[in-house]
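# Overview (structure and organization)
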Amino acid sequence: QGVLFVGPADAPQAMALPVTVVVPEMPAGDLLTRLSAVPNALETGDKTALSLWVYNQSTGDEAVEISVDVPPGLVLVPGSAQATSRQAFMDLFGRRVTWQGILKGGEGATITFDATAATMSGRVDVMAQTTGIVRGTVADQSIPIWINTERPPTIFFAPIVTRN
């Protein structure tokens, strides 16, 4: 059961509804990725933990290259790059974290690192690219981070399907 709030923000009404979430199946051979930053709203000097998870959902091995570009407004924390498999590398001057490795079918890896907020104000986007060399799979992701400014509210749109 889910709860749906309907009506104006100052006086919503709650309705209990059964909810079914359908996740589309990915084609075989694709790499699944997820980029995250916690927290994603910072003040100057605050630290955020960034993480990129990659998973090889095929049955065969995949050679994987990952690069995460950190924009001006964020400063990489030296020595913070870690990986669950092999080693992640940090280029402080190029503002980039990279990783390369072989992921067996059904295997994943997570790359993590920290960054601190500089003195600018506004939204910046951390960009990540994951490339599967064997199958030619490319996954691009970005995640917004707000620095010295309020993060806008998250708006979620979902279709409502009812049956009589």
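Thresholds applied
- Numbering of residues starts from 1 in every chain and runs along the sequence as written.
- Thresholds applied to this predicted model are a pLDDT of at least 70 for local features of residues and 80 or more for the giving and counting of side-chain atom pairs; totals over whole chains, interfaces and linings are not thresholded and use all residues.
- In computing side-chain properties, one takes all heavy atoms of the structure into account and sets aside hydrogens as well as water.
- In this description a helix means any DSSP run of H or I spanning at least four residues, a strand means any run of E spanning at least two, and both kinds are numbered starting from the N terminus.
- Residue burial is assigned from relative accessible area. The probe radius is 1.4 Å, only protein chains are included, and a residue is buried under 20% of its type maximum, exposed over 50%, and partly exposed in between.
- Only heavy atoms enter the contact rule, under which two residues are in contact if any of them lie within 4.5 Å.
- Where accessible areas are quoted, they stem from the Shrake-Rupley method and a 1.4 Å probe; at the residue level, only the protein chains shown are allowed to cover.
- Here a strand pair is declared whenever DSSP counts at least two bridges between the two strands.

Attention shifts here to the overall build of the protein. Scanning the protein from terminus to terminus reveals zero helices and 13 strands. Taken from N to C terminus, the helices and strands of the protein fall in the order β-β-β-β-β-β-β-β-β-β-β-β-β. When each of the 164 residues of the protein is scored for burial, the buried share is 32%. Considering only contacts within the protein whose residues lie at least 6 apart along the sequence, 64% involve residues at least 24 apart. Accessible area for the protein stands at about 10,500 Å²; split by element, carbon and sulfur atoms hold 55% of it.

Before going further, it helps to examine the sheet that holds strand E4 (residues 41-42). Pairing within the open sheet is mixed, and its six strands lie in the order E4-E13-E12-E6-E10-E9. The open sheet has two free edges, formed respectively by E4 and strand E9 (89-91), since each of these has just one partner strand. Bridging between strand E12 (residues 122-132) and strand E13 (residues 137-147) involves eleven bridges; their strand directions are antiparallel. Within the sheet, the bridge partner assigned to Gln129 lies in E13 and is Asp140.

As a further point, take unusual backbone geometry. Peptide bonds are mostly trans, and most non-glycine residues show a negative phi. The residue after Val38, namely Pro39, is reached through a cis peptide bond having omega -5°. Looking at the element boundaries, Pro39 is found in the loop between strand E3 (31-38) and E4. For Arg95, which is not glycine, the phi torsion reads 60° and is therefore positive. By the secondary structure assignment, Arg95 is in the loop between E9 and strand E10 (96-103).

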